[in-house]
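Structural description and commentary
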Amino acid sequence: MPAAQTKAQLIAVTQKEFDKLIQNLTGIDSDVAQRVHDGTSIKNVIAHRAHWTILFLGWYHDGQAGKVVYFPAKGYKWSDLKRYNADLAEAQSDLSWEDVQTMLRDSYNALIDFIDAHNDVDLYAGPMKGANNNWTAGRWAEAAGASHYRSASKYVRAVLRAVS
């Protein structure tokens, strides 16, 4: 699937993939959400996706403010991603399934608010400030939103097939 190139395309793909994810999550109870499959659980995957959306928003705002942008987070490099994700899973381990679903919806709403507040030039005219690569803010937003929702849906469907 080609990456969005406009605000309208970004909103459409973000909403489409989020709606699919919500549909895949509908009816999943806490026991199924917390069941470990391939080393993780639906609850962990959804909490992870919500967190990364918020991370993106922080990266964007730090870059706009001229602050140092830490990718993926302060004290971690991209080469530390496995450790970061393990630390994140541990930090989120006490969250309930209901908390995680609320986090997902809240992070989605924050992402949609972000997209709504920007125009095509803001989102796609040039590299995102502070990112130290050529990705635009729109491309980062798609990676943190629609792409994450799509991969989470794939994981959820696989788990549901395995448990049925």
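For the structure itself, consult the block above.
Residues numbered from 1 in each chain as written. Predicted model: local features only at pLDDT ≥ 70, side-chain atom pairs only at ≥ 80, totals over all residues. Heavy atoms only, no water.

Considering the overall build of the chain
Helices and strands together make up the secondary structure of the chain, namely 8 helices and 0 strands. In sequence order, the chain lays out its α and β elements as α-α-α-α-α-α-α-α. Scaling as 2.2 N^0.38, a compact globule of 164 residues should have a C-alpha radius of gyration of about 15 Å, and the chain matches this with 16 Å. Its C-alpha atoms give the chain principal-axis dimensions of roughly 45 × 35 × 25 Å. (Helix = DSSP H or I, 4+ residues; strand = E, 2+ residues; numbered from the N terminus. Rg over C-alpha atoms; globule rule 2.2 N^0.38 Å.)

Thoughts on the side chain of Glu 142
Relative to the elements of secondary structure, Glu 142 occurs in helix α7 (residues 137-144). It is Arg 139 that comes nearest to the buried, bridge-free Glu 142 among opposite-charge side chains, at 4.4 Å. Once residues within four sequence positions are removed from consideration, Glu 142 is found in contact with Pro 2, Ala 3, Ala 4, Leu 10, Val 13 and Ser 147. (Buried < 20%, exposed > 50% of the residue type's maximum accessible area, 1.4 Å probe, protein only. Lys, Arg positive; Asp, Glu negative; His and termini not counted. Salt bridge = Lys/Arg side-chain N within 4 Å of Asp/Glu carboxyl O. Contact = heavy atoms within 4.5 Å.)

Points about the environment of Ile 54
Tracing the chain through its elements places Ile 54 in helix α3 (residues 42-64). By relative accessible area, Ile 54 is classed as partly exposed at 44%. Taking the C-alpha atoms as reference, Ile 54 lies 9.9 Å from Leu 104; in sequence the two are 50 residues apart. If sequence neighbours within four positions are ignored, Ile 54 has contacts with Ser 107 and Ala 110.

Some points on helix α5 (residues 97-116)
The first and last C-alpha atoms of α5 sit 29 Å apart over 20 residues, in line with the 28 Å expected at 1.5 Å per residue. Restricting attention to buried positions, one finds in α5 the residues Trp 97, Val 100, Gln 101, Leu 104, Ser 107, Tyr 108, Leu 111, Ile 112, Phe 114 and Ile 115. Seen end-on, α5 carries its buried residues on one side only, within an arc spanning 155°. Packing partners of the buried residues in α5 comprise α1 (7-25), α2 (30-34), α3, α6 (120-124), α7 and α8 (146-163). (Expected span 1.5 Å × (residues − 1). Arc of directions from axis to C-beta.)

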